[in-house]
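Each chain is listed here by its residues.
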Amino acid sequence: MAAVEVERLIRLLQRLPGLGPRSARRAALALLERPDTLLRPLLDALAVCAERVRRCSRCRNLDVGDPCAVCADPERDDTLLCVVERVEDLWALERAGSFRGRYFVLGGTLSALDEVGPEDLGVDLLLRRVREEGVREVVLALGATVDGQTTAHYLAERLRPLAVTTTRLAHGVPMGGELHYLDEGTLEAALRARQPFRAGHEPS
Amino acid sequence: MEWRDEGIVLTARRHGEGDALLSLLTFAHGRHRGLVRGGAGRRRRPLLQSGNRLACTWRARLPEHLGHWTLEPLRLYAATLLEDAVGLAAVGSACGLLELGLAEREPHPRLYAALLSLLDHLAAAAPDRLARYVRFELLLLEELGFGLDLSACAVSGRTDDLAWVSPKTGRAVARTAAGRWAPRLLPLPPFLVADAPATPADLLAGLRLTGHFLERHVLAPRERLQPLARQRLLALLERSAA
């Protein structure tokens, strides 16, 4: 039987994604057994984040500054804007390291039954950015789900009067994916999006 | 207990971290919910998109329990429709209305067949797909006990020249019988009473007609707004009608 304070710690840890009651108990024990190397550094890191991390007013990313590091980076291409559903999608694209434009985080998708509308996704803020910041291409990097693509179609329509190029990510076979393991939907999308095979193509 | 059936995905909501609560419109068991283990994961999520047709097995210890689904794909319509704004809006709207309007565990085999046929036409981008969508909403009203009577004029009994519908009774009214009441009646597009092609303006009138009765009998009593997907379908049609 743990002390009330420890039980409280376990209950709080249990609310984190990926942690159930048992794993929260293990994590709490690990913290308590290593106060100097784990507990206090974690405490400091949490305090710093609680104090300093906030949502960027331009792209709605989470960072210690406003504007965030991505928005403040002068090396990035201002004419290219990538719209993602969530901050973790932005982080995933940044990990890939192949996109050098700016971002906009919607914070979700339009949802018929949960009554998530355009005003909840900051669509007006997105349109203002596109209008005022000289954006030439908007990449709609939204999920290949009914809600994700409904949102993408909606955004594409709202962007049409602004005379920007609107693109979306390709849907299809993932790297390392074997066809017989893929679901029918992915295969169908991949077949529809097939491209000419450039045999003998030499890298430039 | 355990039963097997086939169903069309209406909604799937995340439940906890890895699971999903799935609502299916099944052929023989009506709108039915259950838990999908791993439903929020990468492997199961593509199956759980609105409009997908699945073979399903429902298991629970007692009939009144939530139960678990075991699922196999039959046809993944959602993937076909991802690039079609109108198709996506129609699927979202149909699934949303069924989720909001149907009582759980009450079989509606006609509605199931109509939804399946609608999905086939949407996936094939058939020219009459939206006319079929409007008829689907008429059938939904009928199955819920609020069907419109478009067979004859409520005033004169005529079966031809039907051009209006009473917003109160849901009965058709002939053009000549409407008289000074015409401005207070709802337009009845010809494709709903005869084998006529539907223009975008007709489709819009059809959606406004069914929308009025859905609002009155289905949504308002539940204090719900019409699904956003239906609003979007209306907006897309308004644009093409203009």
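Residues numbered from 1 in each chain as written. Chains lettered and ligands numbered in written order. Predicted model: local features only at pLDDT ≥ 70, side-chain atom pairs only at ≥ 80, totals over all residues. Heavy atoms only, no water.

(A) A look at the interface of chain B and chain A. Counting from both sides, the interface comprises 27 residues of chain B and, opposite them, 26 residues of chain A. A buried area of about 2300 Å², summed over both sides, lies between chain B and chain A, and 55% of it is on carbon and sulfur atoms. Here chain B and chain A share 4 salt bridges between them. The shortest N-O distance in the salt bridge between E157 of chain A and R232 of chain B comes to 3.3 Å. Scanning the region where chain B abuts chain A turns up 8 residue pairs in polar contact (both at pLDDT 80 or more). (Contact = heavy atoms within 4.5 Å. Buried area = accessible area lost by both parts, 1.4 Å probe. Salt bridge = Lys/Arg side-chain N within 4 Å of Asp/Glu carboxyl O. Polar contact = N/O pair within 3.5 Å; in protein donor to acceptor, adjacent residues only side chain to side chain.)

(B) Quick look at the packing of aromatic side chains. Residue and element names in this part refer to chain B. Tallying each qualifying case throughout the model produces 5 aromatic pairs over all chains. An angle of 80° between the planes, with centres 5.8 Å apart, marks the rings of W3 and W69 as edge-to-face. Taken together, the residues W3 in strand β1 (residues 2-15) and W69 in strand β5 (residues 68-75) connect sequence positions 66 residues apart. With a centroid separation of 5.7 Å and 75° between ring planes, the pair formed by F27 and Y112 is classed as edge-to-face. Taken together, the positions of F27 in the loop between β2 (19-26) and β3 (30-36) and Y112 in helix α3 (residues 109-123) put the pair 85 residues apart, joining distant regions of the chain. Classification of F27 as partly exposed rests on a relative accessible area of 39%. With relative accessibility at 2%, the residue Y112 sits in the buried group. An aromatic cluster of three or more residues is present, and its members are W3, W58 and W69. (Phe/Tyr/Trp six-rings, centres within 6.5 Å; stacked < 30°, edge-to-face > 60°. Helix = DSSP H or I, 4+ residues; strand = E, 2+ residues; numbered from the N terminus. Buried < 20%, exposed > 50% of the residue type's maximum accessible area, 1.4 Å probe, protein only.)

By themselves, these observations are geometric and do not establish any function.
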